[in-house]
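Fold and contact review
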Amino acid sequence: VKNDRACRKLLRLGRLGFAHLVSAVRALLTMSTRGRETFTPEVQVAMFCYYCAHGTGTFATGVQFGTSQTTVKRVLKRVLQAVNDVSVYGAHVRWPGGAERTRIAGEFAKRRKLPGVIGATDGTHIPVRAPNANKSSYVNRKGWPSLSVL
């Protein structure tokens, strides 16, 4: 991607963040594919970020990257496993503990009426069964009923 603005628009991640993510998972994405189509770690991470950023599905992601839906699914699984690997996750994700955890949980309970919550991801929608009254108020931009945890 030619500049930071375009990178953020396409992947919802700046160039520096993208490079950092690729660096963190590179060793886990550089592997033998037994004759299958291969992509660089950069392309695999870009495919993963594009899919997560746009929610357009595996078919549209495949069209964007010039590959099949099956290959997109394989790449998404591989990148997700790499991000969740203890060597990556443990080095880059820190969960609050002790007093900080109690304070954060208290804020979520007070502000959002969500007891026991200690974090949320920007833009996360939780699928719900919408009540019959005001059902349309629960439909998100992607067309399914949810509650935003923002």
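Structure: see above.
Below is a short write-up of the structure. (Residues numbered from 1 in each chain as written. Predicted model: local features only at pLDDT ≥ 70, side-chain atom pairs only at ≥ 80, totals over all residues. Heavy atoms only, no water.)

In total, this model carries one aromatic pair according to the counting rule given. Seen in terms of ring centroids, tyrosine 50 and phenylalanine 65 are 5.8 Å apart; in terms of plane orientation they differ by 75°. Their pairing is edge-to-face. Of this pair, tyrosine 50 sits in helix 3 (residues 41-54) while phenylalanine 65 sits in helix 4 (residues 57-65); the two residues are 15 residues apart in sequence, bridging distant segments of the chain. For phenylalanine 65, a relative accessible area of 23% translates into the label partly exposed. (Phe/Tyr/Trp six-rings, centres within 6.5 Å; stacked < 30°, edge-to-face > 60°. Helix = DSSP H or I, 4+ residues; strand = E, 2+ residues; numbered from the N terminus. Buried < 20%, exposed > 50% of the residue type's maximum accessible area, 1.4 Å probe, protein only.)

Let's shift gears to the layout of surface pockets. Space inside the second largest pocket adds up to approximately 180 Å³. The wall of the second largest pocket is formed by Gly17, His20, Leu21, Ala24, Val83, Val88, Tyr89, His92 and Val93. For the lining of the second largest pocket, the leading source of residues is helix 2 (residues 15-29), giving four residues. Of the residues that constitute the lining of the second largest pocket, the class distribution is six nonpolar, three polar and no charged. (1 Å grid on protein atoms, 1.4 Å probe; cavity = no way out; pocket = protein on both sides within 12 Å on 5 of 7 lines; lining within 4 Å. Points joined across faces, edges and corners; volume = space filled by probe spheres on them. Nonpolar A, V, L, I, M, F, W, Y, C, P; charged D, E, K, R; others polar.)

Our focus in this paragraph is the side chain of asparagine 140. Relative to the helices and strands, asparagine 140 resides in the loop between strand 1 (125-127) and strand 2 (146-148). Looking at asparagine 140, the relative accessible area reads 12%, which means it is buried. Apart from the residues lying within four places of it in its own chain, the contact partners of asparagine 140 are His125 and Ser146. (Contact = heavy atoms within 4.5 Å.)

Glancing now at the nonpolar core. Judged by nonpolar contacts, the single largest core of 19 residues is most densely connected at Leu11, Phe18, Val25, Leu29 and Val45. If you list the elements that add at least two residues to this core, you get helix 1 (4-11), helix 2, helix 3 and helix 5 (69-84). Apart from residues no more than four positions distant in its own chain, leucine 29 is found in contact with Pro41, Gln44, Val45, Arg78, Val79 and Ala82. (Core = buried A, V, L, I, M, F, W, Y, C linked by side-chain atoms within 4.5 Å.)

With that settled, the discussion passes to a nonpolar patch on the surface. Together, Tyr89, Val93 and Trp95 give the surface a local cluster of nonpolar side chains, amounting to about 290 Å² of exposed area. Positionally, valine 93 belongs in the loop between helix 6 (86-92) and helix 7 (98-112). What makes valine 93 partly exposed here is its relative accessible area of 36%. (Patch = residues over 30% accessible without salt bridge, like charges linked within 9 Å, V, L, I, M, F, W, Y side chains within 5 Å. Areas by Shrake-Rupley, 256 points an atom, 1.4 Å probe, with all protein chains shown as cover. Salt bridge = Lys/Arg side-chain N within 4 Å of Asp/Glu carboxyl O.)

Given a rise of 1.5 Å per residue, 16 residues ought to cover 22 Å, and the 22 Å separating the end C-alpha atoms of helix 5 matches this to within 8%. Listed in full, the buried residues belonging to helix 5 are Thr71, Val72, Val75, Leu76, Arg78, Val79 and Ala82. Viewed end-on, helix 5 has its buried residues packed into an arc of 170°, placing them on one side of the element. Structural note: helix 5 exposes Thr70 and Lys77 on the side pointing more than 90 degrees away from its buried face. Tucked inside the fold, the buried residues of helix 5 contact helix 2, helix 3, helix 4 and helix 6. (Expected span 1.5 Å × (residues − 1). Arc of directions from axis to C-beta.)

The distance from a side-chain oxygen at the start of helix 1 to the backbone nitrogen of arginine 5 is 3.1 Å, and the residue carrying that oxygen is asparagine 3. The positive-phi residue at the C-terminal boundary of helix 1 is arginine 12, with phi of around 55°. (Polar contact = N/O pair within 3.5 Å; in protein donor to acceptor, adjacent residues only side chain to side chain.)

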